[in-house]
Amino acid sequence: MKSLAFLAAIAAFATFASARNTFVLNSNETHFVDPKTEQTVRYFGCDVQRGHGGRNFEETIKKLHLKHKHSKGGPRAAHLTRRQTQTPISINTYFHVLSTTANAGLITQEMANKQLTALNTAYNPYGISFVLKDTTFTTNDAWAVGSGGDMDAAKAALRAGTYKDLNIYFLTDYYGGNLGTCTLPSQVPPGAPPSMYVSDGCNVNVNTMPDGSMAGYNMGKTAVHETGHWLGLLHTFEGYSCTGDGDLIDDTPMESVSTDGCPAKPAKVSCPETTGVDPIHNYMDYSTDECYESFTPLQIARIEELWNQFRVNF
Ligand SMILES: [Zn+2]
């Protein structure tokens, strides 16, 4: 039975890994040209969707959503009860800088350290911290673009730690003008060999690092957003609809259109009939770095529950 479970997990993970590499441009996404590199950049182009999660992810977040709905006193009361027993989450983190020959030397350890600070500044208020264990620098013209099998090869060579450790790959020439993407959690059996979860981790456009060239997106918060996916959060505009489950988190307003920039005045309202103003300051929207401010209490509750289910036991 154990080997059968292993095979099923491998099959699920293979499906998940191939889906990750299928880029589908949503009609709601737009483009801009980075004035420094003259590269056409998609607003995020993150394309992380609930169906991309690995084994047991989707059924787990559906159950957690229902659990909070049915808790006495509603979602907030459930959250407060749980927080009383909360233990801080400390995450071993590995950065991997992948550079083309032409861009070798573009990224410094100082920038990597500032990137770590950006992660901690965003997450520390919620009891989540990141400890940088290592930063690797690799010059490889194919890996620095990270398309398809090249990214798989880079991860196979570089991924460090276990399934509970965060690996972020910063690419100097990320294909398609994407800002970043990441894998969602998956039910990987504790003790499974690293080959089973080698694709786990986030890809981030190197120009979004603090002091990077990507105007509007160079405060390191693309990595904050992508790490949110790694921890199990979906976009606040998941489903691009004012009806349905959305992101399966009840204290984020429904949002049918992802946000470009920071449209605070007048307020952006994509679902006027339901929850009002869009959550443009939430890290799981597509807003600019300066616009990002916070996660909601139930997003943090979701992170903690998924951490305990999927990652902590490694
Ligand atoms: Zn995203």
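Residues numbered from 1 in each chain as written. Predicted model: local features only at pLDDT ≥ 70, side-chain atom pairs only at ≥ 80, totals over all residues.

Give me the overall build of the chain: which residues, what numbers.
Assigned secondary structure in the chain consists of seven helices and seven strands. Secondary structure elements of the chain occur, N-terminal to C-terminal, as α-β-β-α-α-β-α-β-α-β-β-β-α-α. Taking all 314 residues of the chain together, the buried fraction comes to 43%. Long-range pairs, those at least 24 residues apart, make up 72% of the contacts in the chain with a sequence separation of at least 6. (Helix = DSSP H or I, 4+ residues; strand = E, 2+ residues; numbered from the N terminus. Buried ≥ 20, exposed ≤ 12 C-beta atoms within 10 Å, placed from the backbone. Contact = placed C-beta atoms within 7 Å.)

I'd like to hear about the nonpolar core, residue by residue, with values.
Counting residues in hydrophobic clusters, the biggest one holds 61 residues, and the most contacted among them are Leu98, Leu119, Ile168, Tyr169 and Phe170. Ranked by residues supplied to this core, first place goes to helix 4 (residues 109-123) with seven residues. Setting aside its immediate chain neighbours within four residues, Phe170 contacts Phe95, His96, Val97, Leu98, Ile107, Val204, Val206 and Met209. (Core = buried A, V, L, I, M, F, W, Y, C linked by C-beta atoms within 7 Å.)

Tell me what's going on with the sheet that holds strand 3 (residues 89-99), and back it up with residues and numbers.
Read from one edge of the open sheet, five strands run 4-3-5-7-6, paired in mixed fashion. The strands lining the two open edges of the sheet, one partner per strand, are strand 4 (128-139) and strand 6 (180-182). Pairs of neighbouring strands in the sheet enclose a mean axial angle of 20°, with direction left out of account. The sheet contact formed by strand 3 and strand 4 spans eleven bridges and is parallel. Paired with Val97 across the two strands is Phe137, which belongs to strand 4. Sheet strands touched by helix 4: strand 3 and strand 4. Its angle to strand 4, the strand with the most contacts, is close to 155°. (Pairing = 2+ DSSP bridges. Axes fitted to C-alpha atoms, helices over the stretch in contact; angles between N-to-C directions.)

I'd like a description of the pairing of strand 5 (residues 166-171), backed by residues and values.
Counting buried residues in strand 5 gives six out of six residues, a clear majority hidden from the surface. Side chains Leu166, Ile168 and Phe170 of strand 5 all project onto a buried face; the interleaved residues Asn167, Tyr169 and Leu171 project onto the opposite face, where all are buried too. Sheet topology note: the strand 3/strand 5 ladder contains six bridges and is parallel. Within strand 5, the residue paired with Thr93 across the bridge is Leu166. As paired strands, strand 5 and strand 7 (residues 202-205) are joined by four bridges and run parallel to one another. Residue pairing for strand 7: Phe170 is matched across the bridge by Val204.

So, unusual backbone geometry: which residues are in play, and what are the values?
Note the cis peptide between Lys265 and Pro266, where omega equals -5°. As for its position among the elements, Pro266 is in the loop between helix 6 (221-230) and helix 7 (297-311). Located in the positive-phi region is Tyr240, a residue other than glycine, with phi close to 45°. Checked against the element boundaries, Tyr240 lands in the loop between helix 6 and helix 7. The exposure class assigned to Tyr240 is partly exposed, which follows from the 17 C-beta atoms found within 10 Å.

I'd like a rundown of the packing of helix 4 against helix 6, residues and numbers included.
Taken N-terminus to C-terminus, the directions of helix 4 and helix 6 make an angle of 55°; their axes are 9 Å apart at the nearest point. When the axes of helix 4 and helix 6 are compared, the pair comes out oblique. Relative to helix 6, the crossing made by helix 4 is right-handed. Of the residues in helix 6, those in contact with Gln115, Ala118, Leu119 and Ala122 of helix 4 are Lys221, Ala223, Val224 and Thr227. Tallied by class, the residues present in the contact of helix 4 with helix 6 amount to five nonpolar, two polar and one charged. (Parallel < 35°, antiparallel > 145°, perpendicular 65-115°, else oblique. Left-handed = near helix turned anticlockwise from the far one by under 90°. Nonpolar A, V, L, I, M, F, W, Y, C, P; charged D, E, K, R; others polar.)

How would you sum up the confidence of the model for the chain? Please name residues and give values.
Per-chain confidence: the chain averages 85 in pLDDT, with 81% of residues scoring 70 or above. Within the model, the stretch residues 1-29 combines pLDDT values under 50 with 33 contacts to residues more than four positions away or in other chains. (pLDDT = per-residue confidence, 0-100.)

Account for helix 7, naming residues and giving values.
Look at helix 7: 20 Å from first C-alpha to last across 15 residues, which is about the 21 Å you get at 1.5 Å a residue. Among all positions of helix 7, only Leu298, Gln299, Ile300, Ala301, Arg302, Ile303, Glu304, Leu306, Phe310 and Arg311 are buried. (Expected span 1.5 Å × (residues − 1).)

Provide a residue-level description of the environment of Ile303, including the pertinent values.
Checked against the element boundaries, Ile303 lands in helix 7. For Ile303 and Gly232, which are 71 residues apart along the polypeptide, the C-alpha to C-alpha distance reads 6.1 Å. What Ile303 contacts, discounting residues up to four positions off in sequence, is Ile128, Leu231, Gly232 and Leu233.

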